[in-house]
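Coordinates in review
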Amino acid sequence: MKAAGAATLTGLAGCNTVTGGDESNNSNDNNPSQDISVSISTEAQPSQLPSIWTDSQSIEDYQAQFSVQSSGQPTQVTVSNGKVQINRESEQWQENSLTVQPGQMKKGQQEFKATASRNGATAEDTAQASKPTPGNYKLDVVPERNEELRNTIQQKSDEENYLQEKGGFITTDPTLDTYSSHEALGFDKLGVDLAALEWYHDNDYEELAPSPQTDPSSETSQFIQSIGTDTGNPQIEQAKQGYGFVYPNGEWGESFGHFNAEKFSNAETVEEALDWIHSYYFNWQRTMTNEGPISSENNVYAPVLEQAVEQKNNRDLELHAWEFQLDGGHGNGLIYGKNADGTDELRIMETIKGPVTATSEDPQMHPLVENSGYLEPGNDGYQQFWHPLRFGWEGHSNNQYNSNFESNKRKASSLVKNIASSPITAEVEGNKASMARAEKVAPTTEYLQDFTEKLRTYNQNDADFQELHNQAKVMNELLKDKDTNHIIYGDTGNPQYAVVEDESVVEDVWQDEQGHYDDFNQFLRDNPSYSMSAEEIDATLEGEEIEGDMGQQTLAGA
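Model, not experiment: these values are computed from the prediction. (Residues numbered from 1 in each chain as written. Predicted model: local features only at pLDDT ≥ 70, side-chain atom pairs only at ≥ 80, totals over all residues. Heavy atoms only, no water.)

Observations concerning the overall build of the chain
Along its length, the chain carries 19 helices and 18 strands. Considering the chain as a whole, with its 558 residues, one finds that 51% of them fall into the buried category. Within the chain, contacts between residues at least 6 apart in sequence are counted, and of these 65% link residues at least 24 apart. With an accessible surface of roughly 24,700 Å², the chain has 41% of that area assigned to carbon and sulfur atoms. (Helix = DSSP H or I, 4+ residues; strand = E, 2+ residues; numbered from the N terminus. Buried < 20%, exposed > 50% of the residue type's maximum accessible area, 1.4 Å probe, protein only. Contact = heavy atoms within 4.5 Å. Areas by Shrake-Rupley, 256 points an atom, 1.4 Å probe, with all protein chains shown as cover.)

Here is the structure:
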């Protein structure tokens, strides 16, 4: 076989077989089975597929070309490789010439079978073609409806119009728009349903895993249902009266630990709503559980606070809360909220009633991010715990308790992942193992620094939380693919994704404190890692000289 553009016919032309028909009349010239024949031969093999698609490239260079000849006036002629079947009515079929797009081909060497049929008789012939897919390439994230998940939502969602409220079907977002390759390439596409993927997180509060210390139904749905309702349970009603916490807002008098359902339900701001519900939840835990408020239950706090406000407040406040771990297993989290007037904000979520960050003026239960003691160098919380929002914060990334770059990077990545993850619902049971698969996915240092900075300064910058949230959804989708290595790079305004063949590249990116891999497009150009012949490898190495650590990755695995 020759390179693309060659006209020489190769393959197995003319070697067809005939089946069917009336074999007892083979000598009869009118027997249709005797007249049918088909042959297929390879005219041109596709060029090696690019690691990064550019507008200057032509899809025709990457198509396989075949010549298909038939005789005996067959009623149908098709060509198939087991992935796609093409008939003569297709636009890809011009007279006796057939082109097959790369997206219709399987990876590597494959067989194409031509089949002609008439009146029950068939004739067949085969030819070979190869799809040279790069081992390292840029991933094109495209909108794709997840019908299975959408059916689940339709059957199980508490909200009748859930998907419509979340955007219906999202087709434009920085996650989708920053890189676009030809639709016919096929191999480099990752389809995501951004609206549907949000549902898991919003519904996990009802399916918390059983705990030996607490009754999960008390921790979630029963707690939420008790808001604004006389439950008839004296313990619950006592919890609403409080235990002497100076709350909300550190005020005494009427607010002395007393839960006011009316003021909570009519709160105009996320802060006011949290002031009421957070203290009540502490009181509930103290009354209804064996241990009371404990930091290890941060996975309960996030969905309970979120759903309590969204379900029981009358001012259409919106919350999105998620959890992560600080040093020593100390629970913490973040709460994004939208106020009744449309303004939004980001707050730290505390999971114990007496956090080390608290001061006499500020209990630090859910402060604005910029007011958190975890991010204030003089605060005990800053000294005792390394908060993931400090990753990449110039002069504040490390402290005497935690100065390991890779460890800090993994904690920051977990914070980002958890924005969209739901390790509780049965539908995403596999996501519980996602951290064990973190070796397969790594964000570059530049990308993660930009992401954590956007969160740390959210209340002063112009970042769009939904865009950040959507990028976290894609990170979770990549983690579900246990067989493929992925790199996330660029920044939050220009998110990029790549597949890499060599798992050691992922390890190097996790450890890349100096940002050598931040320009990952350059790595992909320098390291396409095709399946090449020995001569092609030698020619490539002679023509390229890679500097720095990336030079060791040239033609990884070749």
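Next, the rest of the story.
Quick word on the packing of aromatic side chains
Tallying each qualifying case throughout the model produces 21 aromatic pairs. Each ring, one from Tyr-447 and one from Phe-451, has its centre 5.9 Å from the other, and the planes form 65°; the classification is edge-to-face. Here Phe-451 and Tyr-447 lie together in helix 15 (residues 445-456), a separation of four residues that amounts to about one turn. Given a relative accessible area of 0%, Phe-451 falls into the buried group. It is Arg-145 that lies over the ring of Phe-169; its NZ or CZ is 4.5 Å from the centre. Over the aromatic face of Tyr-382 sits the side chain of Arg-390, whose NZ or CZ is 3.6 Å from the ring centroid. (Phe/Tyr/Trp six-rings, centres within 6.5 Å; stacked < 30°, edge-to-face > 60°. Lys NZ or Arg CZ within 6 Å of the ring centre and 35° of its normal.)

Some thoughts on the pattern of salt bridges
In the structure shown here, the tally under the stated rule is 15 salt bridges. Of the charged contacts, one joins Glu-198 and Lys-473 as a salt bridge, the two residues approaching to 2.9 Å between their closest N and O atoms. Highlighted residues: Glu-198 in the loop between helix 5 (194-197) and helix 6 (199-203) and Lys-473 in helix 16 (residues 465-480), separated in sequence by 275 residues. Judged by its relative accessible area of 6%, Glu-198 falls in the buried class. Assessed through its relative accessible area of 2%, Lys-473 is described here as buried. For Glu-503, the salt bridge goes to Lys-440, with nearest N and O atoms at 3.3 Å. One end of the pair, Glu-503, is in helix 17 (residues 503-510); the other, Lys-440, is in the loop between helix 14 (405-417) and strand 16 (441-443), and 63 residues separate them in sequence. A relative accessible area of 16% means that Lys-440 is categorised as buried. Several salt bridges converge on common partners, so that one network encompasses Lys-166, Glu-198, Asp-202 and Lys-473. (Salt bridge = Lys/Arg side-chain N within 4 Å of Asp/Glu carboxyl O.)

Some remarks on the side chain of Ser-117
Along the chain, Ser-117 turns up in strand 9 (residues 108-118). Judged by its relative accessible area of 17%, Ser-117 falls in the buried class. Discounting chain neighbours no more than four positions away, the residues touching Ser-117 are Ile-36, Pro-74, Thr-75, Gln-76 and Thr-122.

With respect to the sheet that holds strand 11 (residues 137-143)
In space, the five strands of this open sheet follow the order 12-11-18-17-16, with mixed pairing throughout. Of all strands in the sheet, those with a lone pairing partner are strand 12 (189-192) and strand 16, marking the two edges. Averaged over all pairs of adjacent strands, the angle between strand axes in this sheet comes to 30°, irrespective of strand direction. Packed onto the sheet, helix 17 meets strand 16, strand 17 (485-491) and strand 18 (494-500) and runs at close to 35° relative to strand 16. (Pairing = 2+ DSSP bridges. Axes fitted to C-alpha atoms, helices over the stretch in contact; angles between N-to-C directions.)

As for the sheet that holds strand 13 (residues 318-325)
One open sheet holds the three strands; their spatial order is 13-14-15, and the pairing between them is antiparallel. Edge positions in the open sheet fall to strand 13 and strand 15 (344-349), since each of these has one partner strand only. Strand-to-strand twist across the sheet, computed as the mean angle between neighbouring axes with direction ignored, equals 15°. Pairing analysis gives eight bridges linking strand 13 to strand 14 (residues 331-338), with the strands arranged antiparallel. The partner of Ala-321 across the bridge, within strand 14, is Ile-335. Along the sheet, helix 11 (residues 270-288) contacts strand 13, strand 14 and strand 15; its crossing angle with strand 15, the most-contacted strand, is approximately 30°.

Focus on the side chain of His-201
Counting through the fold element by element, His-201 comes out in helix 6. Judged by its relative accessible area of 5%, His-201 is buried. Within the structure, the side chain of His-201 is placed 2.7 Å from the backbone oxygen of Ala-321, a separation counted as a polar contact. (Polar contact = N/O pair within 3.5 Å; in protein donor to acceptor, adjacent residues only side chain to side chain.)

What about helix 9 (residues 234-241)?
For helix 9, every residue scored as buried is listed here: Ile-236, Ala-239 and Lys-240. Taken around the axis of helix 9, the buried residues stretch over an arc of 100°, which confines them to a single face. The elements touched by buried residues of helix 9 are helix 11. N-cap assignment for helix 9: the residue whose side-chain oxygen lies 2.9 Å from the backbone N of Gln-235 is Asn-233. Immediately beyond the C-terminal end of helix 9, within one or two residues, lies Gly-242, with a positive phi of roughly 90°. (Arc of directions from axis to C-beta.)

Read these as layout, nothing more, since geometry by itself doesn't imply function.
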